[in-house]
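Geometric and topological summary
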Amino acid sequence: MQLHSNILGTGTPFVILHGFLGMGDNWKTHAKHLAKDGYEVHLVDQRNHGRSFHSNEFNYDVMAKDLKAYCDNHDLKDIILLGHSMGGKTAMLFAVDYPEYLSKLIVADISPRFYPIHHDKILEGLSNLDFSKIENRREADDALSSYVSDFGIRQFLLKNLYWKEKGQLALRLNLPVLKDQVGEVGEALPMHVKFEKDTLFLRGDKSEYISPQDERLIHSHFPNAEIKTIENAGHWLHAENPKDFYNEVIKFIS
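Treat the numbers as computed from the prediction; the structure is a model and nothing was measured. (Residues numbered from 1 in each chain as written. Predicted model: local features only at pLDDT ≥ 70, side-chain atom pairs only at ≥ 80, totals over all residues. Heavy atoms only, no water.)

1. A closer look at the overall build of the protein
Here is the rule: Helix numbering and strand numbering both begin at the N terminus, where a helix is a DSSP run of H or I of at least 4 residues and a strand a DSSP run of E of at least 2. Computation of the radius of gyration draws on C-alpha atoms alone. For the globule rule, the value is 2.2 Å times the number of residues to the power 0.38. Throughout this description, buried means an accessible area under 20% of the type-specific maximum (1.4 Å probe, protein chains only), exposed means over 50%, and partly exposed covers the range between. The contact criterion used is simple: two residues touch if any of their non-hydrogen atoms lie within 4.5 Å. For every accessible area listed, the method is Shrake-Rupley and the probe measures 1.4 Å; residues are considered covered only by the protein chains on display. Lys and Arg are tallied as positive, Asp and Glu as negative. Neither His nor the chain termini are counted. A single reference atom marks each charge: NZ on Lys, CZ on Arg, CG on Asp, CD on Glu.
When helices and strands are counted, the protein shows 10 helices and nine strands. Taking 18 Å as the expected radius of gyration for a compact globule of 254 residues, we find that the protein reaches 18 Å, a close match to that expectation. If you line up the protein on its principal axes, its C-alpha atoms span 50 × 40 × 35 Å. Across the 254 residues that make up the protein, the buried fraction comes to 55%. At a minimum sequence separation of 6, the contacts of the protein that also span at least 24 residues come to 74%. Accessible surface, the protein as shown: approximately 11800 Å² in total, 48% of it carbon and sulfur. Taking the average place of the 29 positive charges on the side chains of the protein and the average place of its 36 negative ones, the gap between the two points comes to 3 Å.

If you want it as structure tokens, here you go:
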């Protein structure tokens, strides 16, 4: 089974992996800029997300293998790989397992360490959307607001809505599996693995996902890593300060 993707531009292959409950389309604005700057951008939907296949198996090992199969299928070599949050974890594991596929790695606002489960409220809210009663996006937003107060996060989550058939909304996510196996999202990178090529870690200055204590761990796995901070940005740093985020990426890959 192949991962779904949108491909923009021509040139050096640049693969982007979205975060938990996201999809490749979340990165369309950056992809358009990269395509203009001479990159062939692959906006990939990871399994159980977006338009990609649903599976009962969900962990970083299988997601790294999915990406290898995707690269083989599209004959991608020497890719630049960018992953955000969960996508960053997939990207890190892919880099240490299949370093020959990469020229450079970019990890957005996630560290190689273990993270405890913290998506419970969001998953509960999405599970309680009753599509026998909800008839439009606004009603879905109202229903979700009891669980998720942040408007921006709700808009991000509601990108998963689609018309399953005329008059019938549904979510593209494989919600039962993601809810059941949410613990996999926080798994740490295996101990003692290394990726020696150029790596960039970007963190939001208002985010707590990469702490000062994480820096030693990052350098132990990625000895050629630089860690940069994006000002005025939280965990969704690419959306909250897109200009500075993009500038750091371009500086690193040029």
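2. Quick look at the environment of L157
If you trace the backbone, L157 turns up in helix α6 (residues 151-158). The exposure class assigned to L157 is buried, which follows from its relative accessible area of 1%. The spacing of L157 and I250 is 93 residues in sequence and 28 Å in space, taken between C-alpha atoms. Residue contacts for L157: discarding those within four places in its chain leaves L21, I122, L126, L144 and V148.

3. Observations concerning the nonpolar core
For clarity, the threshold we go by: To form a nonpolar core, buried Ala, Val, Leu, Ile, Met, Phe, Trp, Tyr and Cys residues must be joined to one another through side-chain atoms within 4.5 Å.
Core analysis: the biggest nonpolar cluster contains 61 residues, and L81, F94 and L126 have the highest contact counts within it. In terms of residues, this core owes the most to one element, helix α3 (residues 86-97), which gives seven residues. With sequence-adjacent residues up to four places away left out, L81 is seen in contact with V15, L17, L67, A91, F94, L102, K104, L105 and I106. If you look at the next biggest cluster of nonpolar residues, it comprises 24 residues, including L34, A108, A233 and Y246.

The quantities given are spatial measurements derived from coordinates; they are silent on function.
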